[in-house]
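Results of the structural survey
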Amino acid sequence: MGAVPNAKQPMIVIKNLVKQFGRVDAVNGVSLRVEQGKVLVIIGPSGSGKSTVLRCINHLEVPTSGEIWVDGIHLTHNHKDINAIRAEVGMVFQQFNLFPHLTALDNIMLAQRIVRRRNEDEAGRMARKQLERVGIPEKADNYPGQLSGGQQQRVAIARALAMNPKVMLFDEPTSALDPEMIKEVLDVMLELAHEGMTMVVVTHEMGFARNAADEVIFMDKGVIVEQNSPEQFFSSPREERTQTFLNQILR
Amino acid sequence: MAATQSIAKRTSTQSNFVQWLSRLPWWLLFLILAGIILLYQFLTNELYSVILSKLTQGIVTTIFVTLVAFTCAIILGLIAGLGRVSRNRLIFNLATLYVQVIRGLPMLVQIFYVAFVLTPAFFTVLNAIGMALIPVLGETNFMLTSNTQDVTLLARAMIALALAYGGFEAETFRAGIESIGRGQMEAARSLGMSYVQAMRYVILPQAIRRVLPPLGNDFIAMLKDSSLVSVLGVRDITQEARLYVSASFRYPETYNTLAFMYLTMTIILSLGVKWFENRMGKNGRGS
Ligand SMILES: Nc1ncnc2c1ncn2[C@@H]1O[C@H](COP(=O)(O)OP(=O)(O)OP(=O)(O)O)[C@@H](O)[C@H]1O
Ligand SMILES: [Mg+2]
């Protein structure tokens, strides 16, 4: 799947990430790396720290300790750097988080205009191209409230893609969707993976993990319990906890 | 919205006529009737028509004070409201200090305080600065020559009202901003926007839409509170009424007329606010 040769530097490197919320250890020493063009899927029970790891990657959460590099850039508290990195890291949320006061097209254009400083024409063209890519060009002028959940999530993906990100983060992108809409979103994500986008995906969609992942991580209680290829992970997991979890969700 | 729908469902079982009767705005009909009686007085009763023309001399002042003070209050309130949601502790504390002081003082006291304490104090400081700057600016610099009397009581009254309402609007704006889900800020930031950009383009447009109805109500409240400027001798309609009463002792006629004038304005405005709210509710696309 990874179309890009591995001679380049890894896209994401995390070393010993720790994040505490008050007394809660949300993430307790996670290290991982994601090579360019690879897809990493993170699964694990609720509260295991999956979202927190993801949100630390673009500094939506400030790590308690540990270090993170994105495309070779070390994440520090420098605001300029953080905004610059965020523009390179697309993020898709469980709740879509589209801007309800803007049309689909304007949702996709806003950050292009004020962060990428593209002019109206350029941003508009890019927005329409991305809407085409996620399969709903006809919804350009609709407000989020007029779209189905699946369509909203696809607009959210288009909005992130329009920034030309180097990596895409997905936090349970299909968990808030009705079953019949899950596929349309997963299809878009699968296509992205095949096109060579670097992706980190938190999901419970095992079909997606099997088909798209280069690597699967199982997290529990803030640590990585198992890290494996999808084939190994699903057919013969090394850890008993992984087995138990898989039995629960594949039932 | 859901509540009005369920009420509508319940009443649909009653007869149409009862429903129609019960839905009439009786309070408004009553007021219109009272208004018509008063209008008749203005046209036929010489005393009433004299009083009306006297009080009308103050109407421009009342409207002017309301508009100017409210506009300033909105700007102050927006700034202080942003301060109240700021993570910068200094800004947050300054904004909170302002809001708490305003909320803890009667508006009448605030008006006296601004007019007779803060304004003179401001010029004491300004004159001192002017004194210190004589070597630079010369002896006729404006900081030295200006004094408290340069600020009319009208201006002081408007400043006081603006400060008072700015404190209330700060909380309105804060509530509006906080009513926008955390996900909106996160989505904006995740796209690389700065905090200020996210506020400006994502949070505030939604928050302001939500606070428009309460702002409309506060505008009506400001119209009423503008009557307080009469304590400084500013000649709004209330002051005109007080002046007329003190010379003529025609209490009922004068205050009937005064009440009529305020009610006419506030009811028209509140119907406007309601209409606007309904319109927003219908094509509201905010989630
Ligand atoms: N902002 C926060 N404040 C306090 N505690 C938090 C916060 N965010 C997360 N936590 C806690 O950190 C732990 C890990 O949360 P996290 O959201 O990363 O889990 P998750 O694996 O994404 O779970 P889920 O599958 O439910 O989304 C949980 O115990 C959670 O309660
Ligand atoms: Mg989560």
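Preceding this paragraph is the structure being described.
Here's what I pulled together on the structure shown here. Everything numeric in this text was worked out from a predicted model, so none of it was measured.

Calculation criteria
- Residues numbered from 1 in each chain as written.
- Chains lettered and ligands numbered in written order.
- Predicted model: local features only at pLDDT ≥ 70, side-chain atom pairs only at ≥ 80, totals over all residues.
- Heavy atoms only, no water.
- Helix = DSSP H or I, 4+ residues; strand = E, 2+ residues; numbered from the N terminus.
- Rg over C-alpha atoms; globule rule 2.2 N^0.38 Å.
- Contact = heavy atoms within 4.5 Å.
- Areas by Shrake-Rupley, 256 points an atom, 1.4 Å probe, with all protein chains shown as cover.
- Lys, Arg positive; Asp, Glu negative; His and termini not counted.
- Charge placed at Lys NZ, Arg CZ, Asp CG, Glu CD.
- Near = heavy atom within 4 Å.
- Polar contact = N/O pair within 3.5 Å; in protein donor to acceptor, adjacent residues only side chain to side chain.
- Nonpolar A, V, L, I, M, F, W, Y, C, P; charged D, E, K, R; others polar.
- 1 Å grid on protein atoms, 1.4 Å probe; cavity = no way out; pocket = protein on both sides within 12 Å on 5 of 7 lines; lining within 4 Å.
- Points joined across faces, edges and corners; volume = space filled by probe spheres on them.

1. Remarks on the overall build of chain A
The secondary structure content of chain A amounts to nine helices and ten strands. The C-alpha atoms of chain A give a radius of gyration of 18 Å, which matches the 18 Å a tight globule of 251 residues would have. Summarising its shape, the C-alpha atoms of chain A cover approximately 55 × 45 × 40 Å along the three principal directions. For chain A, restricting intrachain contacts to residue pairs at least 6 apart in sequence, the fraction spanning at least 24 positions comes to 66%. Accessible surface, chain A: about 10,900 Å² in total, of which carbon and sulfur atoms supply 45%. Of the side-chain charges in chain A, 28 are positive and 30 negative, and the distance between the mean point of each set is 4 Å.

2. Structural notes on the site of ligand 1
All names here are of chain A. In the vicinity of ligand 1, the contacting residues are Phe21, Val24, Ala26, Pro45, Ser46, Gly47, Ser48, Gly49, Lys50, Ser51, Thr52 and Glu172. In this structure, Gly49 approaches ligand 1 through a main-chain N or O atom, which is 3.0 Å from an oxygen atom. Contact between ligand 1 and Thr52: an oxygen atom at 2.5 Å from a side-chain N or O atom of the residue. Burial of ligand 1 by the protein amounts to 62% of the accessible area it has alone, namely 630 Å². Among the secondary structure elements, those contributing two or more residues to the shell around ligand 1 are strand S2 (24–34) and helix H1 (50–57). With three residues, H1 is the largest single contributor of residues to the shell around ligand 1. Looking at the shell around ligand 1, its residues break down into four nonpolar, six polar and two charged.

3. Remarks on the layout of surface pockets
Using a probe with the size of a water molecule, rolled over the atoms, empty space left in the structure can be pinpointed. The calculated volume of the largest pocket comes to roughly 670 Å³. Forming the boundary of the largest pocket are 22 residues, of which Arg87, Met185, Glu186, Arg189 and Tyr195 of chain B lie nearest the centre. Put simply, the parts of the chain that give the lining of the largest pocket at least two residues each are helix H2 (79–88) of chain A together with helix H10 (153–178), helix H11 (182–190) and helix H12 (195–225) of chain B. Looking at the lining of the largest pocket, the element that brings in the most residues is H11 of chain B, giving four residues. Here the lining of the largest pocket is built from residues that sort into ten nonpolar, four polar and eight charged.

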